[in-house]
Amino acid sequence: MSGIIHAGAGISPEQAAVEQKLVDTVIASFDKTQDPRLKKVMQSLTRHLHNFVREVRLTEDEWNTGIEFLTAAGHITDDKRQEFILLSDVLGLSMQTVAINNKAYKGATEATVFGPFFIEDAPEIPLGGDIAGGAHGQPCWVEGTITDTSGNPVPGARIEVWEADEDGFYDVQYADARVAGRAYLYADDHGRYSFWGLTPTPYPIPHDGPVGKMLEAAGRSPVRTSHLHFMVTAHGLRTLVTHIFVEGDPQIEIGDSVFGVKDSLIKRFESQPAGTPTPDGRDLGNQTWARTRFDVVLAPALA
């Protein structure tokens, strides 16, 4: 009987045997599952769930609280808010899944969590265009190259970018159906890209629901480290979902609420005084601005 939890203090061998018999019976109920992958997943899930309950000696009141928590997560979830992704994120499950499915490969850019605020049908912008769409924040020039792991440029790579405004909100969190702080563009014939965005700032994940209450009860901060989202796709290469983070952000040391920070993705955002000429000649008047560089390296699709 694999996965047996041995009787601990106060648990007799007879009680442990009763509990293990139930685990084995439920696992065996999936023996006739024809899909081998489904069978493996369901039997492993059953084993771990039962062993969790036995390890912590879950009470019936705690079980009911857990059911109420999941029910509340379902009720608050809609087409603009996914509380279950949020739960996966704050438990580190999202990052663990990312790690398993994006194996390190010859200097390819590291992946990180997708997050709950990506949407389809973002507007297209030209090279050097502005993703802000009226969102408030300090303008930031972002540039870089897209290459494969052999250093070859990847012309025409599609680059999706999205971020929160300076108040810490994504466009989908507003009620007026605005589209701001997101767009996509294509790398040029030399794999180069550039655009105007906003200098990222820290913000809390939505914490007015059950996940937020859980974090509060655990004494954990809901704040995410300042970041800018990227998704880069190109034929024959592994799709990259990642962020870049702002060097010097104190939240890096405090801890990112979804465990998404990786050292290789921390980039310097260089502040530019008002009046400093911009790379594309854009007139920002008396505004300060920032600039950063992010060179993306894509792994082969089958790596």
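Along every chain, residues carry numbers that run from 1 in the direction the sequence is written. Per-residue local features of the predicted model are confined to residues with pLDDT of at least 70, and side-chain atom pairs are confined, for both listing and counting, to 80 or more; whole-chain, interface and lining totals are unaffected and use all residues. The basis for the side-chain values is all heavy atoms of the structure; hydrogens and waters are excluded.

Trainee: Tell me about the overall build of the protein, and name the residues and values.
Mentor: By definition, any uninterrupted DSSP run of H or I lasting at least four residues is a helix, any uninterrupted run of E lasting at least two residues is a strand, and each is numbered from the N terminus. Helix and strand counts for the protein stand at seven helices and 12 strands. Its C-alpha atoms give the protein principal-axis dimensions of about 80 × 40 × 35 Å. Here the protein displays about 16,500 Å² of accessible surface, and carbon together with sulfur accounts for 55% of that area. Note that accessible areas follow from Shrake-Rupley with a 1.4 Å probe, and for residues the cover is restricted to the protein chains shown.

Trainee: Got a sec to walk through helix α4 (residues 83-90)? Specific residues and values, please.
Mentor: Here the term buried applies to any residue with accessible area under 20% of the maximum for its type, exposed to any over 50%, and partly exposed to those in between, with areas from a 1.4 Å probe on protein chains only. Where α4 is concerned, the buried positions are E83, L86, L87, D89 and V90. One side of α4 holds all its buried residues, which, seen down the axis, span an arc of 160°. Contact criterion: two residues are considered in contact whenever any of their non-hydrogen atoms come within 4.5 Å of each other. Buried residues along α4 sit in contact with α3 (60-76), α5 (93-101) and α6 (210-218). Pairs of N or O atoms within 3.5 Å make up the polar contacts considered here, provided that, within protein, one atom can donate a hydrogen while the other can accept it, and that residues adjacent in sequence are counted only when both atoms are side-chain atoms. N-cap assignment for α4: the residue whose side-chain oxygen lies 2.9 Å from the backbone N of F84 is Q82. Where α4 ends, the next residue or the one after it, G92, has phi of about 80°, a positive value. By definition, the arc is the one covered by directions from the helix axis to the C-beta atoms.

Trainee: With reference to specific residues and values, describe the packing of α3 against α6.
Mentor: As a rule, the C-alpha atoms of each element are fitted with a line to give its axis, helices using only the stretch in contact, and angles between N-to-C directions run from 0 to 180 degrees. Axis separation between α3 and α6 bottoms out at 9 Å; the angle between their running directions is 135°. With respect to α6, the axis of α3 lies oblique. Touching F69, A72, A73 and I76 of α3 are P210, V211 and M214, all from α6. Amino acid classes used here: Ala, Val, Leu, Ile, Met, Phe, Trp, Tyr, Cys and Pro are nonpolar; Asp, Glu, Lys and Arg are charged; the rest, including Gly, are polar. Residue classes in the contact of α3 with α6 are distributed as seven nonpolar, no polar and no charged. In these notes the angle categories are as follows: under 35 degrees is roughly parallel, over 145 is roughly antiparallel, 65 to 115 is roughly perpendicular, and the rest is oblique.

Trainee: So, empty space enclosed by the protein: which residues are in play, and what are the values?
Mentor: For cavity detection a 1 Å grid was placed over the protein atoms alone, and a set of points counts as a cavity when a 1.4 Å probe fits there but cannot get out; an open set counts as a pocket when protein lies on both sides within 12 Å along at least five of seven lines, with lining residues being those that have an atom within 4 Å of a point. Grid points are joined across faces, edges and corners, and a volume is the space filled by probe spheres set on the points. Tallied over the full model, the rule gives three cavities of 30 Å³ or more. Of the voids in this model, the largest cavity is the one considered here, and its volume is about 70 Å³. If you trace the largest cavity, you find it lined by L86, D89, V113, G115, P116, F117, Y170, Y203, I205, R224, H229 and V258. When the residues that make up the lining of the largest cavity are grouped by side-chain class, the tally is eight nonpolar, two polar and two charged.

Trainee: Quick one: what's the story with unusual backbone geometry, residue by residue and with numbers?
Mentor: Not every positive phi belongs to a glycine, and R57 is a case in point at roughly 55°. Of note, R57 is situated in the loop between α2 (36-56) and α3. Even without glycine at this site, D121 takes up a positive phi of about 65°. Counting through the fold element by element, D121 comes out in the loop between α5 and β1 (139-148). On the basis of relative accessible area, D121 is assigned to the exposed category, the value being 75%.

Trainee: So, the pattern of salt bridges: which residues are in play, and what are the values?
Mentor: In what follows, salt bridge is the name for a side-chain nitrogen of Lys or Arg lying within 4 Å of a carboxyl oxygen of Asp or Glu. Counted according to the given criterion, the structure contains 14 salt bridges. One salt bridge connects E19 with R54, and the closest N-O pair in it is separated by 3.0 Å. Of this pair, E19 sits in helix α1 (residues 13-28) while R54 is found in helix α2, placing the two residues 35 residues apart along the sequence. When its relative accessible area of 13% is taken as the criterion, E19 is described as buried. The salt bridge partner of R81 is D208, with a shortest N-O separation of 2.7 Å. Of this pair, R81 sits in the loop between α3 and α4 while D208 sits in the loop between β5 (203-204) and α6, and the two are 127 residues apart along the sequence. What you see here is one network of salt bridges that share partners, running through E19, R54 and R57.

Trainee: Which residues make up the sheet that holds strand β8 (residues 240-246), and what are the values?
Mentor: Within a beta sheet, neighbouring strands are joined by backbone hydrogen bonds and run either parallel or antiparallel to one another. In this description, strands pair whenever DSSP reports at least two bridges between them. If you trace the five strands from one edge of the open sheet to the other, you get β3-β2-β7-β8-β9, paired in mixed fashion. A single partner strand is all that each edge strand has here, and the edge strands are β3 (182-186) and β9 (266-267).

Trainee: Which residues make up the environment of E216, and what are the values?
Mentor: Looking at where E216 falls in the secondary structure, it is placed in helix α6. Between the alpha carbons of E216 and F230 there is a distance of 30 Å; along the sequence they are 14 residues apart.

Trainee: Lay out the side chain of R54 with the relevant residues and their values.
Mentor: A residue is classified by how much of its surface remains accessible, and R54, at 7% relative accessible area, is buried. Among the polar contacts made by the side chain of R54, one reaches the side chain of Q20 at a distance of 2.8 Å.

Trainee: If you had to explain the packing of α4 against α6 to someone new, which residues and values would you point to?
Mentor: Viewed as axis vectors pointing N to C, α4 and α6 meet at an angle of 25°, and their least axial separation amounts to 9 Å. The pairing of α4 with α6 is recorded here as roughly parallel in orientation. On α6, the residues touching E83, L86, L87 and V90 of α4 are P210, V211, M214 and L215. Here the contact of α4 with α6 is built from residues that sort into seven nonpolar, no polar and one charged.

Trainee: I'd like a rundown of the nonpolar core, residues and numbers included.
Mentor: Membership of the largest hydrophobic core comes to 31 residues, with the highest contact counts inside it found for I146, I159, Y193, F195, F230 and L298. Elements with a contribution of two residues or more to this core: β1, β2 (158-162), β3, β4 (192-198), β7 (227-233), β8 and β12 (296-298). Among the elements that take part in this core, β8 stands out by supplying four residues, more than any other. Residues within four places of I146 in sequence aside, it is in contact with N152, P153, V154, A157, I159, A187, G191, Y193, V232, V296 and L298. For the purposes of this section, nonpolar cores are sets of buried Ala, Val, Leu, Ile, Met, Phe, Trp, Tyr and Cys residues that join through side-chain atoms within 4.5 Å.

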